[in-house]
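Chain residues, written in single-letter form:
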Amino acid sequence: MKNWIKKYVAKFAMPLVFLIGFLLLAYPSFSDYWNSFHQSQAIMSYSKSVSKMSKKDYSDILTKAHQYNTTHPINWNFSDTDRREYNQQLNFNSSGSMGYIEIPKINVKLSIFHGTDDSVLQTSIGHLEGISLPVGGLGTHTVLSGHRGLPSAKLFSDLDKLREDDTFTLHVLNETMTYQVDQIRVVEPTDLSTLTADPIKTTVPW
């Protein structure tokens with residue numbers, strides 16, 4: 001019996017080790033493909049929902065978003081009431097999606113969701129609460145957050161390939177807003193000075 005066990009352990013051990021190694025190596029690529037597929041589906045669903053809205057509907061939603069930016073300065077101490085109000089903005093289909101970001105140079109097209117909880121950042125791009133909604137306008141300052149180097153999704157992993165003057169686009173409802181990279185900086189988590197709004201610019205850092 002012992003000889004039989006040794007024989008079959010020796011026979012199947014190496015193929016099993018090889019299979020486990022292959023699966024470990026293949027996981028990041030497969031996981032990223034799966035996430036990209038679901039991102040594409042989510043963006044298509046978002047665009048389809050927007051196309052079914054009347055001009056008055058999305059005009060009303062955008063007007064409320066611009067009013068929100070005007071009446072809500074930077075707020076780092078969100079209350080539950082603040083968060084409920086924030087989560088209602090641009091959330092016309094109750095999915096939590098505000099729109100999506102497109103960066104042609106690095107082949108990125110990702111949904112933007114309210115907040116920067118881990119559940120959002122594992123698969124998508126988060127909008128930092130307490131700061132301007134991504135609808136443009138002078139004096140606004142939107143902050144988007146995304147992971148780099150996740151084993152399960154590429155997301156912003158290639159962001160370091162961007163250079164000054166490269167462009168990216170935000171799609172929110174029927175609005176398409178194109179921005180140009182004007183500076184690249186590494187900011188410490190405790191440095192909030194870079195998040196202040198410039199009264200004559202529309203800024204979107206990440």
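Fair warning: this is a prediction, and the values are worked out from it, not measured in the lab.

Analysis parameters
Residues numbered from 1 in each chain as written. Predicted model: local features only at pLDDT ≥ 70, side-chain atom pairs only at ≥ 80, totals over all residues. Heavy atoms only, no water. Pairing = 2+ DSSP bridges. Helix = DSSP H or I, 4+ residues; strand = E, 2+ residues; numbered from the N terminus. pLDDT = per-residue confidence, 0-100. Contact = heavy atoms within 4.5 Å. Phe/Tyr/Trp six-rings, centres within 6.5 Å; stacked < 30°, edge-to-face > 60°. Buried < 20%, exposed > 50% of the residue type's maximum accessible area, 1.4 Å probe, protein only. Salt bridge = Lys/Arg side-chain N within 4 Å of Asp/Glu carboxyl O. Core = buried A, V, L, I, M, F, W, Y, C linked by side-chain atoms within 4.5 Å.

Right, let's get into the pairing of strand S6 (residues 175-180). As paired strands, strand S5 (residues 167-172) and S6 are joined by six bridges and run antiparallel to one another. Across the sheet, Phe 168 pairs through a bridge with Tyr 179, a residue of S6. Linking S5 back to S6 in an antiparallel pair, the connection comprises two residues, with Leu 173 at a positive phi of about 55°.

It is worth spelling out the confidence of the model for the protein chain at this point. On average, the protein chain scores 83 in pLDDT, and the residues at 70 or more come to 78%. Across residues 22-27 the pLDDT falls below 50, and counting only partners more than four positions away or on other chains, this stretch makes two contacts in the model.

It is worth spelling out the packing of aromatic side chains at this point. Enumeration according to the criterion identifies four aromatic pairs in this entry. A ring pair is formed by Tyr 46 and Tyr 100, whose centres lie 6.4 Å apart and whose planes are at 90°; its orientation type is edge-to-face. One end of the pair, Tyr 46, is in helix H1 (residues 2-51); the other, Tyr 100, is in strand S1 (residues 97-103), and 54 residues separate them in sequence. The buried category is assigned to Tyr 46, whose relative accessible area is 4%. Ring geometry for Phe 168 versus Tyr 179: centroids 5.6 Å apart, planes at 20°, classification stacked. Pair noted here: Phe 168 is in strand S5 and Tyr 179 is in strand S6, with a separation of eleven residues, a long-range link. Exposure class is identical for Phe 168 and Tyr 179. Each is buried.

Let us look at the sheet that holds strand S3 (residues 125-127). Strand order across the open sheet formed by six strands is S4-S3-S2-S1-S5-S6, with mixed pairing between neighbours. Each end of this open sheet is capped by a strand with a single partner; those strands are strand S4 (144-145) and S6.

Glancing now at the pattern of salt bridges. Under the counting rule described, the total for this entry stands at six salt bridges. Asp 60 is the salt-bridge partner of Lys 56, the closest N and O atoms lying 2.8 Å from each other. Note that Lys 56 and Asp 60 are positioned in helix H2 (residues 55-71) at a spacing of four residues, about one turn of the helix. Since its relative accessible area comes to 58%, Lys 56 is described here as exposed. Of the charged contacts in the structure, one is a salt bridge between Lys 105 and Asp 166, with a shortest N-O distance of 2.9 Å. With Lys 105 in the loop between S1 and strand S2 (108-114) and Asp 166 in the loop between S4 and S5, the pair connects residues that are 61 residues apart, well separated along the chain. Because the salt bridges share partners, they merge into one network encompassing Lys 154, Asp 158 and Lys 161.

The next thing to look at is the nonpolar core. With 37 residues, the main nonpolar core has Leu 90, Ile 101, Ile 103, Phe 156, Leu 170 and Leu 173 as its most contacted residues. Elements supplying a minimum of two residues to this core: H1, H2, S1, S2, S5 and S6. No other element matches the five residues that H2 contributes to this core.

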